[in-house]
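Working through the structure, step by step
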Amino acid sequence: MNPTETPARCRLVLIAPQGVGAQTIVDALAGGDVASLILLQWDMDDDAFQRHAEAVIPQAQAAGVAVMIAGDVRIAMRARADGVHVEAKRPELEEIVDKHQEKLMVGAGGADSRDVALNLGEVQPDYMFFGRFGYDNKEEPHPRNLKLGEWWAQMVQIPGIVLGGSQINSVVTVAETGVDFVALGAAIFADGVDPAAAVAEANALLDGKAPGFGD
């Protein structure tokens, strides 16, 4: 989080697409409030991914942004990330929660139905993510993810994240579901886009149009 006060409304989570460098990710944080980053390995080997994470994490954490490493507990621990994002079936998620949740946040993804979401949610991850990394190539969020996010926000106390679309204004559509977080990737890091300005625009839209928690 960049401001001194946490906004009492849906907040941003950033997911850098493949090929976006560490400095560009860090530069985005100058645009305003960001709750978290989820770092993906994409096509990097383990050593390169760890170096990438180590270049981002200290600067992000200094700005109050929690950093989640997707899929690799070892790199999360070595790079001193705040947590790990897990897309796996319940037994693997359960094992990671049991072994590591005292030291790392553990977020869950891969929930493409209510039944799957509830099954994973019984393990008590720190959040539930609705969407598929890299599939934010349409202007608006996927309708299924919006429906799941809205249902989750109404039924479950575990925070929910819904992947937005390729346009900044998709944050409003996500926020209207009542979820805690909206994740943006392409909308922030597309070619020709100033990432800090895009984060600032997203926050301005959320400030002006997102329902406040408790309203």
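What counts, and at which threshold
- Residues numbered from 1 in each chain as written.
- Predicted model: local features only at pLDDT ≥ 70, side-chain atom pairs only at ≥ 80, totals over all residues.
- Heavy atoms only, no water.
- Buried < 20%, exposed > 50% of the residue type's maximum accessible area, 1.4 Å probe, protein only.
- Helix = DSSP H or I, 4+ residues; strand = E, 2+ residues; numbered from the N terminus.
- Pairing = 2+ DSSP bridges.
- Right-handed = clockwise from strand over helix to strand, strands pointing away.
- Salt bridge = Lys/Arg side-chain N within 4 Å of Asp/Glu carboxyl O.

Focus on the pairing of strand β3 (residues 66-70)
Summarising burial for β3: 5 of the 5 residues are buried, a large majority. Residue alternation in β3 divides its side chains into two sets, Ala66, Met68 and Ala70 and Val67 and Ile69, and both sets are buried. Bridge count for strand β2 (residues 36-39) against β3 is 4 bridges, and the pairing is parallel. Opposite Ile38, over in β3, you have Met68 as the bridge partner. Read from β2 through helix α2 (residues 46-62) to β3, the crossover connection turns out right-handed. Judged from the 3 bridges that link them, β3 and strand β4 (residues 83-86) form a sheet pairing that is parallel. When the bridges of β4 are listed, Ile69 appears paired with Val84. Between the parallel elements β3 and β4, the chain passes through helix α3 (residues 73-78) in a crossover that is right-handed.

Here we look at the pattern of salt bridges
For the coordinates displayed, the defined rule picks out 6 salt bridges. One salt bridge connects Asp207 with Arg9, and the closest N-O pair in it is separated by 2.7 Å. Taken together, the residues span a long stretch of sequence, with Asp207 in helix α9 (residues 195-209) and Arg9 in the segment before β1 (11-15) at a distance of 198 residues. Accessibility expressed as a relative area gives 55% for Asp207, which makes it exposed. Here Arg90 ties to Glu122 by a salt bridge, and the two come within 2.5 Å at their closest N and O atoms. With Arg90 in helix α4 (residues 90-100) and Glu122 in the loop between α5 (114-121) and β6 (127-130), this pair connects stretches of sequence that are 32 residues apart. Glu122 sits in the exposed class, given a relative accessible area of 53%.

Looking at the pairing of strand β8 (residues 181-184)
Neither face of β8 is open: one carries Phe181 and Ala183, the other Val182 and Leu184, and all of them are buried. Bridging between β1 and β8 involves 4 bridges; their strand directions are parallel. By the bridge assignment for β8, Leu14 is matched with Leu184. Taken together, the 3 bridges between strand β7 (residues 160-163) and β8 define a ladder with parallel strand orientation.

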